[in-house]
Amino acid sequence: MSRKVRWGVLGSGGIARRRTIPEGITPAAHAKLVAVFDVNTTANAEVARQFDAKPVAGVEELLRCDLDAVYIATPPNVHREQTLACAQAGKHVLCEKPLGLTVADAEALIAACRKAGVRLGTAFMMRFLAQHQAALQLIRGGQLGQPVFARAQLSCWYPPVPGAWRQDPALGGGGSLMDMGGHCIDLLEMFFGLVCSVNCFTNRTVHSYPSEDSAVVSLRFANGALGVVDAFFCMPDEASRNRLELYGSLGSILAQGTIGQGDHGEMIAFLKQGAGAYDAQQARSGRGGVAIAPPPVNTYRAEIEEFSQAILEGREPSNSAALGRQSQRVLAACYASAKTAKAIQLDSPML
């Protein structure tokens, strides 16, 4: 397949400039960057010059360019209007999560793209990490046994920044839970299946901006397993190991540093062939385990390549809009739980 998907970018000055354009669109086998837009005209001009793209002055001008797909990396409060505009113009859309600010937004975007006959995807790039995919294959192969418990952690130091949309729920939909916890919940659902119940606590522990800087969520999965996600904007970067822990009746898969923007971390599997008998001594040697270390994959390139291939092959991408809708459903339940101090049951899980 020699054809390249022609990409435009809305919101070129943030994660697109740091990661998705240089690591994703530019090196991807079947992608070509054509045009970019950002409200920061200086940054947009710099991105266009650096990556040989056309700088445009607005969404409408970008959509008049010769494009197949648009990557949306703007603040979530404009995801709905921009995605609807792209769909109306007949452009496929890969949108950063969340898909708008509400579940209703996500459903409206899915309906509009389906009606327009274009693909809509959600940029959950951490799913593509090679170690996460290797762990998923072990779980699907039954080597972890019956899923029992999962934990995912993602935190950073994010002090008040004037105009930062992640610090204003009216612009970003929430703080550490929406921004970081959403990735963690999505990963755990990839490993253990859909969430059916949540109990959530949020707080402004250190920072005084409107969004939460602290969040802890207890999860119950439809298969009976339990889980915990913790996400904070008020811990020094080096203090959090960004741990991933997956436990089952036959062992565990333990990792640190795989959750995040890098292409690898440390992951070790402690798996048994059978559960065995009860050991009253409960001895633990602290040794053993098998490192899970497949060749690293750049997650930004992988998400662009998957979406581009789906367009070229006329199929649904694995980084689908359904993932974004499910994420919105779980996150909405989390915020409702935090507000009411009650566990929230989700309606029948869906993807």
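Below is a summary of the structure that appears in this document. (Residues numbered from 1 in each chain as written. Predicted model: local features only at pLDDT ≥ 70, side-chain atom pairs only at ≥ 80, totals over all residues. Heavy atoms only, no water.)

## Some details on the pattern of salt bridges
Here is step 1: In the structure shown here, the tally under the stated rule is 15 salt bridges.
Here is step 2: The shortest N-O distance in the salt bridge between Asp 179 and Lys 97 comes to 3.7 Å. With Asp 179 in helix H8 (residues 176–192) and Lys 97 in the loop between strand E5 (92–95) and helix H5 (103–116), the pair connects residues that are 82 residues apart, well separated along the chain.
Here is step 3: Exposure remark for Lys 97: the relative accessible area of 9% places this residue in the buried category.
Here is step 4: Between Arg 127 and Asp 186 there is a salt bridge, with its nearest N and O atoms 2.8 Å apart. With Arg 127 in the loop between strand E6 (120–122) and helix H6 (130–140) and Asp 186 in helix H8, this residue pair connects regions lying 59 residues apart in the sequence. Each of the two residues, Arg 127 as well as Asp 186, counts as buried.
Here is step 5: It is possible to trace a salt-bridge network through shared partners that takes in Arg 3, Arg 6, Asp 66 and Asp 68. (Salt bridge = Lys/Arg side-chain N within 4 Å of Asp/Glu carboxyl O. Helix = DSSP H or I, 4+ residues; strand = E, 2+ residues; numbered from the N terminus. Buried < 20%, exposed > 50% of the residue type's maximum accessible area, 1.4 Å probe, protein only.)

## Structural notes on the nonpolar core
Here is step 1: Counting 73 residues, the largest nonpolar core has Trp 7, Leu 188, Phe 191, Leu 246 and Ile 253 as the members making the most contacts within it.
Here is step 2: The element that contributes the greatest number of residues to this core is H8, accounting for ten residues.
Here is step 3: Ile 253 has contacts with Ala 135, Leu 138, Ile 139, Leu 144, Leu 244, Glu 245, Leu 246, Met 267, Ile 268, Ala 269 and Ile 292, leaving out every residue within four places of it along the chain. (Core = buried A, V, L, I, M, F, W, Y, C linked by side-chain atoms within 4.5 Å. Contact = heavy atoms within 4.5 Å.)

## Here's the deal with the side chain of Gln 167
Here is step 1: Considering the arrangement of structural elements, one finds Gln 167 in the loop between strand E7 (147–155) and helix H7 (169–172).
Here is step 2: At a separation of 3.0 Å, a polar atom in the side chain of Gln 167 contacts the main-chain amide nitrogen of Val 161.
Here is step 3: Sequence-distant contacts of Gln 167, defined by excluding residues within four places in its chain, comprise Tyr 158, Pro 159, Pro 160, Val 161, Tyr 209, Pro 210 and Ser 211. (Polar contact = N/O pair within 3.5 Å; in protein donor to acceptor, adjacent residues only side chain to side chain.)

## Considering the sheet that holds strand E11 (residues 243–248)
Here is step 1: Taken together, nine strands build an open sheet; the order of strands is E14-E13-E12-E11-E7-E10-E9-E8-E15 and the sheet is mixed. Taken across any chain shown, the strands that pair with only one partner, and hence form the sheet edges, are strand E14 (290–291) and strand E15 (344–345).
Here is step 2: As defined by bridge partners, strand E8 (residues 195–203) adjoins strand E9 (residues 214–221) across eight bridges and the pair is classed as antiparallel. By the bridge assignment for E9, Asn 199 is matched with Ser 218.
Here is step 3: Contacting E8, E9 and E15, helix H10 (residues 321–340) runs over the sheet at an angle of about 50 degrees to E8. (Pairing = 2+ DSSP bridges. Axes fitted to C-alpha atoms, helices over the stretch in contact; angles between N-to-C directions.)

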